[in-house]
Amino acid sequence: MRKAIPIAVAALAMAGAAFAASPGVDQTCLNRFRAYDRATTTFSNSDWGRDGVIAPATSNAIQRLRAGGCITDWDDIALMPTVAGELHGKLKGEHGPAIRPTSLMVGIVTGYSGELQARQFFSAMGYRVRSQGAPYLGRRIFIGPFATEGGLAEATGVALRAGFVAPYPKFF
C-alpha cells in the first residue's frame, strides 16, 4: 500500500506536467484552479455557504483566483464572435490516440450573460457544453467529454483563442 501512493502521486504529477506544457495556458491560473478544485472537493461536506461561512482553504483559493486575474470577464471573451467565424468548419474534432473520457474546464465567467455567450460559442463549435455554479466566483464552463488526445488539445486551443486563460482537463 505504501508503495502504491508514491506511484499514484508520480503518475498524477506526470499527467499534470504534460498538460501544463500546453502553449498559452497561464500556469499560475492553472495551479490556482487546481487548488480551488482540491479545496472544494475536500470541504464539500462542510457548511459551504451556510450563513456566508466557507472553509478557509476554499476562501483562500477563491481570493487567489480573483487576485490572479483567472476569472474570465467581458474583455477576455469580447472577440468570441469573431473567433467563431474564423474557426467555423475548420475544426478536426476527435483525432489521435484514445484517452480516458475527459472534460475540459475552460474557465469561470462572472455572470449569466457570460455563461450564455460561452455556451453559445462552444455549442456552435460542435462541443457539448455544460455549466456549474461556483459560489463567490461565477459560473464554471465545461466542454466535452473528449475521447482522444487530439480532440482535447484542439478544444484547449479553441478555449485559449476564445479568451479563457487556463483551460484544463477535468475528470468526473
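This section reports on the structure supplied with the text.

Thresholds, definitions, all that
- Residues numbered from 1 in each chain as written.
- Predicted model: local features only at pLDDT ≥ 70, side-chain atom pairs only at ≥ 80, totals over all residues.
- Heavy atoms only, no water.
- Disulfide = S-S within 2.5 Å.
- Helix = DSSP H or I, 4+ residues; strand = E, 2+ residues; numbered from the N terminus.
- Buried < 20%, exposed > 50% of the residue type's maximum accessible area, 1.4 Å probe, protein only.
- Polar contact = N/O pair within 3.5 Å; in protein donor to acceptor, adjacent residues only side chain to side chain.
- Expected span 1.5 Å × (residues − 1).
- Contact = heavy atoms within 4.5 Å.

1. Brief notes about the state of the cysteines
Stage number 1. Summed over all chains, the structure comprises 1 disulfide.
Stage number 2. Here C29 engages in a disulfide with C70; their sulfurs sit 2.1 Å apart. On the S-S bond that ties C29 to C70, the torsion sits near -85 degrees, and the link is left-handed. Taken as a pair, C29 in helix α2 (residues 27–42) and C70 in the loop between α3 (56–67) and α4 (74–77) lie far apart in primary sequence, 41 residues in all.
Stage number 3. Here C70 falls in the buried class, since its relative accessible area comes to 1%.

2. Some details on the side chain of S103
Stage number 1. With respect to the element layout, S103 can be found in strand β1 (residues 98–109).
Stage number 2. On the basis of relative accessible area, S103 is assigned to the buried category, the value being 3%.
Stage number 3. For S103, the side chain forms a polar contact with the side chain of R130, separated by 2.4 Å.

3. Topic: helix α6 (residues 112–124)
Stage number 1. For α6, with 13 residues, the first-to-last C-alpha span of 18 Å sits near the 18 Å given by 1.5 Å per residue.
Stage number 2. Close packing links the buried residues of α6 with α4, α5 (80–87), β1, β2 (129–134), β3 (138–148) and α7 (149–162).
Stage number 3. Positive phi appears at G126, one or two residues downstream of α6, with a value of about 95 degrees.

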